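Residues per chain, in single letters:
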Amino acid sequence: MDNVPDMTTDSTQNSPSSEQQLREEMVRQLIETGAARSTRVVAAFRKVPRHLAAPGVEMAKSYDAEAPLITKTDQTGVDISSVSAPRIQAMQIEQADIQPGMNVLEIGSGGVNAAYLAELVGDHGRVVTVDIDHDVTQRAKDFLKTTGYRNVTVLTADGGSGAVDFQPFDRIIVTVQAADIPSPWVHQLNTGGRLVVPLRMRGMTRTIAFVRDDHRLISDGFELCGFVPMQGSGENRMHVAVIHDAEGEEIGLRLDGHPEPDTKALAEALTMPRQEAWSGVTLAGDESNEHLDLWLTTALDNLPLMAAKPAARQRGLVASASPLGIPTLVDGDSFAYRTVRRTEDPDRFELGALGHGPCGLDVAGQLVAEMQTWDSKHRGDRAHIAVYPAGTPDDLLPAGRIIDRPHSRVTISWP
Ligand SMILES: C[S@@+](CC[C@H](N)C(=O)[O-])C[C@H]1O[C@@H](n2cnc3c(N)ncnc32)[C@H](O)[C@@H]1O
């Protein structure tokens, strides 16, 4: 590929030194958070002038390790295109383990990530990037032309079909939230090849590195993340069942294959006093809930995620809120959600559940019982996630949670 040209006179008129400093600071954060671990990935992030992909955006924002740059929003206010945050890009690229000379497919374009991939595959490799949106592919083409990356082919198409003319791929990186694994992604991947995909499972999205093993995909690590939703043939948005609709304080349950709840009864339950159940299980302040939540979603059937506006929390309507959602067990006219409280040790928090409704305490108790099971049997374990073709009989699947989608059967199982 060409050397990156001297970009000293960009639209934001920043000096080259500040551009370089911003890039160095971004790289420092990527290393510190563990998002960028290998020398080659660090070198790629040090090189690509990502601010040129978002003209008009303040240069410092382009190099903020945690900030996605939203480039398109649909008529309902949902973000549908962005340049992903550097930390997420680095994390996925590390998961993909890209080597020189590889043939790599990226689904969901923007230009910047494709440029990193191009750096990693080098002159003897190839990157194909597909986006469903012509505006996005045009922007990606402009960016790649300006920055001189010639080993990238940009296609406008529904990435659910992969890119049949350029297969087989050594790596496929999906940069948009998927609820299913369309069969072309598996068929167009070499055996032993890696598919990295932000897969939504029962409401929560994790970017998962899968390795192809014959007709199956087997997980090799995953990380929680957020991505814009898939459009086209794979579109599958979650439905939110609203249980409190006061403007600015809305509380809802995100349903992802869960049964439709009785929202009237749950709205009523929310007005009843909160009942508490505590587990005796503690987490360190910096310990993530993600493996616990994956256990809860494996073990409990009716566990959608509660989403609440910050104002609902501030007013005390709910005690916990998170943009990713809080696991909430629903049982008829009652529900309970995960929470924590302080312990005498300032570095540890105790897990518990807050229940509402006529059976709120009982439902909170069921949630707490699974927290205790996780602690006694699975703490420290990592779940195995696998993808089988739709139609695979149950007796050929591992024991655990099965998530059925049109193209695939996703399984979550525990050692
Ligand atoms: C987060 S952005 C991609 C970011 C990009 N990889 C980058 O360089 O940071 C997700 C993109 O996926 C695209 N997309 C959504 N559904 C798609 C589909 N079915 N096929 C291809 N692209 C799709 C959207 O148009 C959007 O531009």
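Numbers given to residues run from 1 along each chain, matching the order in which its sequence is written. The predicted origin of the model limits local features to residues at a pLDDT of at least 70 and limits the giving and counting of side-chain atom pairs to 80 or more, whereas totals for whole chains, interfaces and linings rest on all residues. Side-chain measures were taken over the full set of non-hydrogen atoms in the model, leaving aside hydrogen atoms and water.

K.L.:
I'm lost on helix α6 (residues 134-147) in this one. Help?
P.N.:
Since the α-helix advances by 3.6 residues per turn, residues separated by three or four positions end up pointing in the same direction. Between its first and last C-alpha, α6 extends 20 Å over 14 residues, near the 20 Å set by a 1.5 Å rise per residue. Among all positions of α6, only Val-136, Thr-137, Ala-140, Phe-143, Leu-144 and Thr-147 are buried. The arc enclosing the buried residues of α6, seen along the axis, measures out at 125 degrees, which places them on a common side. When checking whether two residues touch, look at their non-hydrogen atoms; a contact exists if any pair is within 4.5 Å. Secondary structure counts use DSSP, requiring at least four H or I residues in a row for a helix and at least two E residues in a row for a strand, with both numbered from the N terminus. On its buried face, α6 is in contact with β2 (79-83), α5 (112-121), β4 (126-131) and β5 (152-156). A positive phi of about 85 degrees marks Gly-148, the residue just after α6. Each helix should span, by expectation, one fewer than its residue count multiplied by 1.5 Å. Buried residues are those whose accessible area, probed at 1.4 Å on protein chains only, stays under 20% of the maximum for their type, while exposed residues exceed 50% and partly exposed ones sit between those limits. This arc corresponds to the set of directions leading from the helix axis out to the C-beta atoms.

K.L.:
Hey, could you run me through the sheet that holds strand β10 (residues 239-244) in this one?
P.N.:
The strands that make up a sheet pair up through hydrogen bonds in the backbone, lying either parallel or antiparallel. Any two strands with at least two DSSP-identified bridges between them are counted as paired. Read across the sheet, seven strands follow the order β10-β11-β13-β14-β15-β16-β12 without closing on themselves; strand pairing throughout is antiparallel. One side of each edge strand has no neighbouring strand; the edge strands of this open sheet are β10 and β12 (275-284). With direction set aside, neighbouring strand axes in the sheet form an average angle of 35 degrees. Bridge analysis of strand β15 (residues 334-342) against strand β16 (residues 348-356) gives eight bridges, and the strand direction is antiparallel. Of the residues in β16, the one forming a bridge with Phe-335 is His-356. For helices, the axis comes from a line fit to the C-alpha atoms of the stretch in contact; other axes are also lines fit to C-alpha atoms, and the angle between any two N-to-C directions lies between 0 and 180 degrees.

K.L.:
How do you make sense of the domain arrangement of the protein when you look at a structure like this?
P.N.:
Where interface size is quoted, it is often the accessible area lost as the parts come together. For the purposes of this description, domain bounds are those given by an automatic or database domain assignment. You can read the domains of the protein as domain 1 (70-234) and domain 2 (239-378). On a C-alpha basis, the centroid separation for the pair domain 1 and domain 2 is 33 Å. At the junction of the two partners, domain 1 supplies ten residues and domain 2 supplies 13 residues. Buried area, as used here, totals the accessible surface that two parts lose on assembly, with accessibility defined by a 1.4 Å probe and the loss added over both. Carbon and sulfur atoms make up 54% of the surface buried where domain 1 meets domain 2, a total of about 1100 Å² over both sides. Salt bridges are identified by distance alone: a Lys or Arg side-chain nitrogen within 4 Å of an Asp or Glu carboxyl oxygen. For the pair domain 1 and domain 2, the interface holds one salt bridge. Residue Arg-200 is joined to Asp-256 by a salt bridge in which the shortest nitrogen-to-oxygen separation is 2.9 Å. Throughout this description, a polar contact denotes any pair of N or O atoms lying within 3.5 Å of each other; where both atoms belong to protein, one of them has to be capable of donating a hydrogen while the other can accept it, and for residues adjacent in sequence the pair is counted only when both atoms sit in side chains. If you look at where domain 1 meets domain 2, you find seven residue pairs in polar contact (both at pLDDT 80 or more). Mapped by element, the contributors of at least two residues to the side of domain 1 that touches domain 2 are β7 (189-201), β8 (204-213) and β9 (216-224). Tallied by class, the residues present in the side of domain 1 that touches domain 2 amount to five nonpolar, one polar and four charged. In the scheme used here, Gly and all other residues not listed as nonpolar or charged are polar, with Ala, Val, Leu, Ile, Met, Phe, Trp, Tyr, Cys and Pro taken as nonpolar and Asp, Glu, Lys and Arg as charged.

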